[in-house]
Structure formats: structure tokens, C-alpha cells
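Spelled out, the chains give:
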Amino acid sequence: MKVTMEKHSAEFLDEIAANWVARMDARNLTGEEERELQEWLDSDVRSLGAFARARAIFINPDIASAIPVARHRSFARALSKRLGLLAAAACALIVSVVLFGQREQVETRVYVSELGEVRQIPLEDGSRITLNTNSSLQVEYRKDSRRVALQRGEAYFEVAKDAQRPFVVIGSSAQARAIGTSYSVRMKEAAGEMQIRVVSGRVAVEAPQLDVIAPFAAVRNWLGSKANNAAYLNANQQVDVRLGKDAHGSGQIQLSIRDLQPGIFERSLMWREGLLSFEGVTLAEAIEEFSRYSRQKIVIRGALAQERVSGLFAASDPVAFAHAIALSLKIKLRTDEGVITLYRQ
Amino acid sequence: MLKRTEPITDERAQWLAAHIIPHEAALRAWLRGKAFLGCDVDDIVQETYAILAAKRTVEAITNPKTYAFQVAHSLVLQQLRHSRVVPIAAVADIGDLEAGADEPSLEDAAIACDELRQVELAIEALPRQTRTAFILRRVEGLSQQAIASRMGLSEHTIEKHISRGIKLLLAQFGRGGRGVWAASKEKKRPDESDDGKAQRRIPG
């Protein structure tokens, strides 16, 4: 970081500024370094500008949000490589003793919700889980991590920040790690299909095999590769995870990220209050959504499936929903042996 | 000169990040249009930041974008006064300065979006360890110390990676930095195969 008094290029000043910002981000400067920095700042009026700009750009939140889908390798791989070296250096017995010594007592709790039931699960760290209908999950709080295995259904997570203990929701095909976040994770009927929606903060979606998706496109395409990756989601983004095949026919995990209008997730999360909010969805989709919450069967006859419906309904009352739909679409409703049929004359 | 332990406070850096950085591309575009006046865009921008950083308070600035344009404006004029020959066209042209600052920010947003895409591509093109360290620091918010132990590298090495990442952003941001991006794109990373490379390319 030595500089002389001659006029330097803007790029050169940027380089020095970057070095100082990185160092001050790492630790406090020594007295000697502080003097050196001050000398550099005094040497050229542009130095302070370069330094101020470097600091501003480094902390600029937009920069962080430009990174979300940048690739990076799984840290687990780096870690396992290190452990491998360790094991090679030490004798196997010692390693096993060390591992045994570190084993901690882990308490696992299972939560299940019935059809139509929505459960609030407050956790000891201030995080809160809302379990949607017909769902089950397992909570494991360890010293170094908070793990939730979502086995079935859907849940919404409001995560208390704790950088030392990552909060991870593990699904069948991918896991969603919170970075100061509220988000929902849903396991779909089809094997390996998941949907993750971020309401606030940021979530890292990690899977043994997934690839990056073109950024800034409104709808991103399914993609996949052999790389071991994470994709970062921001607020108002949704990712659909599914199992697919690559060009050579071998299985891979694929994901698709969408940007949604702010507010859509909040509406879709009305289930937490026992309500279902529809806006221009097809009647078939709405009926399918109701079927998640009750055993009441609703059947449609004729070309009604594609009719659009909107409104706010009690998830627990599919009968009221059916009557409201019949009224607004001016169609008939019949109940036979507990099954509701909607039809046009 | 008075010794300052903190040349620029966190608060001021945040203010610059929130209110000036988003308009830097527009400011540079406007200054580039004045290139015939003989002023160096990078120099003017750095001096503008210096003035904004050195101000005792920014509370009174209600429109930071206009203010930054005005500061740059005065710096251009200052340079013009110091230069011996001032082309007549230059003085007349200065009149549209304010107009530049008052332009609707729709175009700014487009520029900023394009810029972030460039930044993203550039970050992707960083060497693997630099990229990992930078993401851990800026996206995941880990300290450099924590990153060092996580990646099994010395803190000094992590500092170098972070510094390299910042350098790239400084070159990329505002300046367009297409040169940087193109250069790093050509250079294939030795740790990466060509797998999925075509897929990863951004359409359009």
C-alpha cells in the first residue's frame, strides 16, 4: 500500500482503496496502518473519494442481491476434504474417539397436523413455525445447527437470526437454509417436488445437484448440472424444485426461480389464519387447494374447470365455498351422499 | 492536518450506498457526454465522492442525486476555469446540467439493472475461492475470521480474496467495466469443466 505523490490513475487509487476496505473489514488497523492510510488520503483529493466509494459499494445491499444466483461450491465438500486430510494424518482410533467425544444428546420432536388443522409451534430460540394442514415435521436443535425435516405438507418459518446456528429446512430433494428470513416450504404430492417461497430476508436453497438459473428473467428455466450448488432466493421469489433428467438421461435435481409481485405471498399465506385467498385461479385449482384441508369432495361437471375464481374463503368450510362459487358463476349445485357437484344446466 | 481515526463513518458510507451509488451510472453517462471538455470522468466521480464523504453533515440534502450532479457540475466548471482555453460550445452546453439531474429515474433503473447483471456475471467469473469468500462475506454475513476457518485458509488470504472482489466491483460498477467482464470470461477457470456452461449463459 505504498504510494508516492505523483498523480495516479483512478484504477490505481481504486486498488489501494479496495485493499484498505478489505483490511478494515478484517480487523482494526494498527497505529502504523492508520498513519499510512491518513497519509494516502492526504496525498490526493481523489483518494478519499475512491475510499468512500469503495466502502459504499462494498456495503451496498444491491450488490449482495446481485449475487443470489452466483454459483458456489458446497462447503460440505470443502469440509469433508479437510476431514479426510485429518483422518489421513491421525490414526483412525483417535478420530473415532474425537467423534465420539463430540457426540451430543440431540432431542428430536415431531409435530403433526390433521387435515384442516393449522398449528403454531413456537421454538425456544424465538423462531416460530406455522404448520399447515395435513403436514408433519421433525425439529432437531443442536449446538451448531437448527434442523427441521419437513416430511409432509407445508410449513411457514419465521426464523430468529443466529449466525452460529444455521436454520435449515430439509426436504426430499433440497434444503432451504435461512439467512434472517421468513419463508414457506411445501412438499408436493409428486416425489421430490417442493416449493419454497421467501417473504422476507434471504434463503439459500441447497441440493446435492442443482444449477444456476438465468438471473433477472421473470421466469427462469429448469436447468441442472453436476455441480454441487446453492441458489439464493430473495424476498418475493419462489423456487420450484423437482426431479428431472439431464441430457444423458441421468437423474438430477432441477429448480426454477420466479419473481412474484410483492404481496402475493402474504395473500397465499392466509392459510395461517385458516383462510384461503384466490385471485383469478381456475376453479379446478381452487377445488384442489380445498382438498388439502378437508375430506369434503367437490366435483365439477362440464367445461367449468377453467372458470376463474377470486375471493377469500374459510379453509375449513368447503361447502360455503361451493355455494359462493355456484352463486357467482351462476351454476347449479347438487349434494349427493356428501359429494358436492357443480354443473351448468 | 487533524488526525482522524475513521476517515468515513459507517453512517456516511451507508448514506452513499443508498443515495449516490444508485445514480453513479447516470452521473457517469452524463459526464461522458461532456468528455470533449477535457475532463476525466473517473477523476470527477472520485472527487465528487470525496466531497460528499468530507461533508460534515448530509442531513440537509433532500435530493442526493441532484446534489451529486451539482457537485460534479462545479468540479467540471472548476477544471474549465483552470484550463487556458475554454471552447465556447462548452460553456453553452453546461446549461443542460440541471436537466441531466432531473431526468426521470426510469432510465437509471434500467442502467442499474443492467449493471447488476454485469456485476453478477463478473462475480460468477471470479476465481472459485475468491467468489466463495466474497459470497460468504457479503451474502451470508460471516466475518473474515469465520470464513478463514470455514475455508481452511489464513485470514490474510481471505483478506486478499475480499480485496480482489471489491476491486472487481469498483471496476465494474458505474464504469460498465465490460472490459473486466470480457477478460475474465475468456479466461477459463482451471477448476471448472465445460459442463452446463452453455446452459448457464444468460439468454438475451
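What comes next concerns the included structure. Predicted model only: the values in this text are computed from it and were never measured.

For the rest of this paragraph, the subject is the overall build of chain A. Assigned secondary structure in chain A consists of nine helices and 17 strands. For chain A, the proportion of its 345 residues judged to be buried stands at 48%. A separation of at least 24 residues holds for 52% of the contacts in chain A among residues at least 6 apart in sequence. Accessible area for chain A stands at about 16800 Å²; split by element, carbon and sulfur atoms hold 52% of it.

A few words on the overall build of chain B. Each helix and strand counted, chain B has 12 helices and zero strands in total. For chain B, the N- to C-terminal ordering of α and β elements is α-α-α-α-α-α-α-α-α-α-α-α. Counting across all 204 residues of chain B, residues that qualify as buried make up 48%. In chain B, 69% of the contacts between residues at least 6 apart in sequence involve partners at least 24 apart. Total accessible area on chain B stands at roughly 10200 Å², and carbon and sulfur atoms take up 54% of it.

A few words on helix 9 (residues 318-329) of chain A. One turn of an α-helix holds 3.6 residues; hence residues three or four places apart share an orientation. Residue and element names in this part refer to chain A. The end-to-end C-alpha separation of helix 9 is 16 Å, in line with the 16 Å expected for 12 residues at 1.5 Å each. For helix 9, the complete set of buried residues consists of Pro-318, Phe-321, Ala-322, Ile-325, Ala-326 and Leu-329. Taken around the axis of helix 9, the buried residues stretch over an arc of 135°, which confines them to a single face. Phi for Lys-330, located one or two positions after helix 9, is positive at around 55°.

Let us look at the packing of helix 8 (residues 128-138) of chain B against helix 9 (residues 144-151) of chain B. Residue and element names in this part refer to chain B. With their axes 10 Å apart at the nearest point, helix 8 and helix 9 run at an angle of 135° to one another. Between helix 8 and helix 9, the angle falls in the class oblique. In terms of crossing hand, the pair formed by helix 8 and helix 9 is right-handed. Here Gln-129, Thr-132, Ala-133, Leu-136 and Arg-137 of helix 8 lie close against helix 9, whose contacting residues are Gln-144, Ile-147, Arg-150 and Met-151. Residues of the contact of helix 8 with helix 9, tallied by class, amount to four nonpolar, three polar and two charged.

Time to look at the packing of helix 1 (residues 10-26) of chain A against helix 3 (residues 45-59) of chain A. Residues and elements named next belong to chain A. Where helix 1 contacts helix 3, the axes come no closer than 8 Å and their chain directions differ by 55°. With respect to helix 3, the axis of helix 1 lies oblique. Seen along the crossing, helix 1 lies across helix 3 with a hand that is right-handed. When helix 1 is examined against helix 3, the residues Ala-10, Leu-13, Asp-14, Ala-17, Trp-20, Val-21, Met-24 and Asp-25 are found in contact with a partner set consisting of Arg-46, Ser-47, Ala-50, Phe-51, Arg-53, Ala-54, Arg-55 and Phe-58. Its residues assigned to classes, the contact of helix 1 with helix 3 comprises 10 nonpolar, one polar and five charged.

Here we take up the packing of aromatic side chains. With the rule as written, the count across this model stands at 10 aromatic pairs over all chains. Put simply, the rings of Phe278(A), Phe290(A), Phe313(A) and Phe321(A) pair up and form one aromatic cluster. The ring centre of Tyr141(A) lies 6.0 Å from the NZ or CZ of Arg109(A), which sits over that ring. Sitting over the face of the ring of Phe58(A), Arg138(B) holds its NZ or CZ atom 5.7 Å from the ring centroid.

Between its terminal C-alpha atoms helix 2 (residues 31-43) of chain A stretches 18 Å, which fits the 18 Å expected from 13 residues at 1.5 Å a residue. Where helix 2 of chain A is buried, its residues contact helix 1 and helix 3 of chain A.

Looking now at the sheet that holds strand 17 (residues 339-343) of chain A. Residues and elements named next belong to chain A. With mixed pairing, three strands are arranged side by side in an open sheet as 14-17-16. Here the strands that pair on one side only, and so sit at the sheet edges, are strand 14 (298-300) and strand 16 (332-336). Across the sheet, the mean angle separating the axes of adjacent strands is 25° when strand polarity is ignored. Pairing geometry for strand 14 and strand 17, over three bridges, is parallel. Bridging from a neighbouring strand, Val-299 pairs with Thr-341 of strand 17. Sitting on the sheet, helix 9 touches strand 14, strand 16 and strand 17, and the angle it makes with strand 17 is about 15°.

Counted by the stated rule, this structure contains 22 salt bridges over all chains. The partner of Arg146(A) in a salt bridge is Asp125(A), and the shortest N-O contact between them spans 2.4 Å. Here Arg146(A) is found in strand 5 (residues 146-152), whereas its partner Asp125(A) is found in the loop between strand 2 (119-122) and strand 3 (128-131), with 21 residues between them in sequence. The salt bridge partner of Arg28(B) is Asp42(B), with a shortest N-O separation of 2.7 Å. Of this pair, Arg28(B) sits in helix 2 (residues 21-32) while Asp42(B) is found in helix 3 (residues 41-54), placing the two residues 14 residues apart along the sequence. For the pair Arg28(B) and Asp42(B), a shared accessibility class is recorded, and that class is buried.

Core analysis: the largest hydrophobic core is formed by 65 residues, its most contacted members being Trp40(A), Phe51(A), Leu16(B), Leu31(B) and Ile166(B). The dominant element in this core, judged by the number of residues it contributes, is helix 3 of chain A, at eight residues. In this structure, Tyr111(A), Phe167(A), Val169(A) and Val239(A) belong to the second largest nonpolar core, which totals 34 residues.

Cut-offs applied
- Here the residue numbers are simple positions, counted from 1 along each chain's written sequence.
- Just so you know, chain letters begin at A and ligand numbers begin at 1, following the order they were written in.
- Totals for whole chains, interfaces and linings use all residues, but because this is a predicted model, local features are given only for residues with pLDDT of at least 70 and pairs of side-chain atoms are given and counted only at 80 or more.
- Computation of side-chain values covers all heavy atoms of the structure but excludes hydrogens and water.
- Each helix is a run of DSSP H or I of at least 4 residues and each strand a run of E of at least 2, with the numbering of both proceeding from the N terminus.
- Relative accessibility thresholds used throughout: buried, under 20% of the residue-type maximum; exposed, over 50%; partly exposed, between the two (1.4 Å probe, protein chains only).
- Contacts are assigned to residue pairs with any non-hydrogen atoms lying within 4.5 Å of each other.
- Values of accessible area rely on a 1.4 Å probe in the Shrake-Rupley scheme; residue burial ignores everything except the protein chains shown.
- Between the first and last residue of a helix there are one fewer steps than residues, each counted as 1.5 Å, and that sum is the expected span.
- The arc in question is traced by the directions running from the helix axis to the C-beta atoms.
- Note on definitions: angles span 0 to 180 degrees between N-to-C directions of axes, and those axes are lines fitted to C-alpha atoms, for helices only across the stretch in contact.
- Angle categories are assigned with fixed cut-offs, so that under 35 degrees is roughly parallel, over 145 is roughly antiparallel, 65 to 115 is roughly perpendicular, and the rest are oblique.
- Crossing handedness follows the turn of the near helix against the far one: under a right angle anticlockwise gives a left-handed crossing, and clockwise gives a right-handed one.
- All residues other than Ala, Val, Leu, Ile, Met, Phe, Trp, Tyr, Cys, Pro, Asp, Glu, Lys and Arg, Gly among them, are scored as polar; the first ten of these are nonpolar and the last four charged.
- Each Phe, Tyr or Trp ring, with Trp reduced to its six-membered ring, pairs with another whose centre is within 6.5 Å; inter-plane angles below 30 degrees give stacked pairs, above 60 give edge-to-face pairs, and intermediate values give tilted ones.
- To sit over a ring, a charge needs its Lys NZ or Arg CZ within 6 Å of the ring centre and within 35 degrees of the ring normal.
- Pairs of strands are assigned from DSSP output, requiring at least two bridges between the strands.
- Just to be clear on terms, a salt bridge is a Lys or Arg side-chain nitrogen sitting within 4 Å of an Asp or Glu carboxyl oxygen.
- We define the nonpolar core as a collection of buried residues of types Ala, Val, Leu, Ile, Met, Phe, Trp, Tyr and Cys that are connected through side-chain atoms lying within 4.5 Å of one another.

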